[in-house]
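Listed here are the chains, written in short residue letters.
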Amino acid sequence: MKPRVSIEPSILSADFAQLGQQAKEAEDAGVEGIQIDVMDGHFVPNLTFGPGVVKSLRKTVSLFLDAHLMINNPHIFLEDFAHSGANRIIVHQEVCEDLTTVLRSIRKLKVEAGVAVNPETPVTTVESVLDVADCVQVMTVSPGFAGQRFMEDQLSKIQRLRREIDQRHLKTSIVVDGGIDPKTAFLAVRSGATVLVAGSSIYNQTGSVAQNVTDLRKSIAEAAAMINPSAN
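Quick look at the structure, then. The structure presented is a predicted model; accordingly, all values stated were derived computationally and were not measured.

1. Regarding the sheet that holds strand 5 (residues 112-117)
So, point 1. Sheet architecture is open: eight strands sit in the order 1-8-7-6-5-4-3-2, paired in parallel fashion. Each edge of the open sheet is held by one strand with a lone partner, namely strand 1 (6-9) and strand 2 (33-39). Averaged over all pairs of adjacent strands, the angle between their axes in this sheet comes to 25°, without regard to strand direction.
So, point 2. Two strands pair when backbone bridges link them, and strand 4 (residues 88-92) and strand 5 are joined in this way by five bridges, in the parallel orientation. Residue Ile-90 lies in a different strand from strand 5, and its bridge partner there is Gly-114.
So, point 3. Helix-sheet contacts for helix 5 (residues 155-167) involve strand 6 (135-139) and strand 7 (173-177), and the interaxial angle to strand 7 is about 170°.
So, point 4. On top of the sheet, helix 7 (residues 209-227) reaches strand 1 and strand 8 (195-198); it is set at about 145° to strand 1, its chief contact.

Right, dumping it as structure tokens:
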């Protein structure tokens, strides 16, 4: 049986004055993790969180905490994020000259290691590290800001990764980040995604966090049923 598709709300879309409370609402709604978008104003044109936010959230929720480092020179900060309580650290292929070494350095810190690829980056650039990475995160928006539209032309990347991972009998997760809502969640899961990072579709003014998570779960279930019609 295929593992359940995980939902990780991105707190970039949450109310910054109530991050702990909003993370707890997501935990109560049954999500599997929280993704913390770390931006340095250089790799992406925005500034956001640091290890201190991860440390504070670690005290508030027992969820899996995913630190997505959209920063230059991520190797400098690996220990800080690991010691702050992150369960996984994701770095970008575009800023790592020796990606294998960086991923192995993360694993030595006893946390999961992930690599993200921007929309313009071919997934062939990370296929050589699929046996080292715990996850590959496919960016379906240009990184840096919440609320962008899902790029459907990135679905082929997810599909290629799914084939490659399955053919090599690996357990590498496929994370999809950007523009995830009930419609696009269906497309991503049908293409092979195993983790969905959702921001503005969970944290918004039109529905509660619990209801928004429920809506995503329904979409995921529909896609899973299409992939495996015999599953109950």
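2. Section: unusual backbone geometry
So, point 1. With a phi close to 50°, Asn-73 is a non-glycine residue in the positive phi region.
So, point 2. For Asn-73, the position within the fold is in the loop between strand 3 (64-70) and helix 3 (78-84).
So, point 3. With a phi close to 55°, His-169 is a non-glycine residue in the positive phi region.
So, point 4. Topologically, His-169 is positioned in the loop between helix 5 and strand 7.
So, point 5. Judged by relative accessible area, His-169 falls into the exposed class, the value being 72%.

Rules used in this analysis
- Residues numbered from 1 in each chain as written.
- Predicted model: local features only at pLDDT ≥ 70, side-chain atom pairs only at ≥ 80, totals over all residues.
- Heavy atoms only, no water.
- Pairing = 2+ DSSP bridges.
- Helix = DSSP H or I, 4+ residues; strand = E, 2+ residues; numbered from the N terminus.
- Axes fitted to C-alpha atoms, helices over the stretch in contact; angles between N-to-C directions.
- Contact = heavy atoms within 4.5 Å.
- Buried < 20%, exposed > 50% of the residue type's maximum accessible area, 1.4 Å probe, protein only.

So far we have only geometry, and geometry alone does not tell us how the molecule works.
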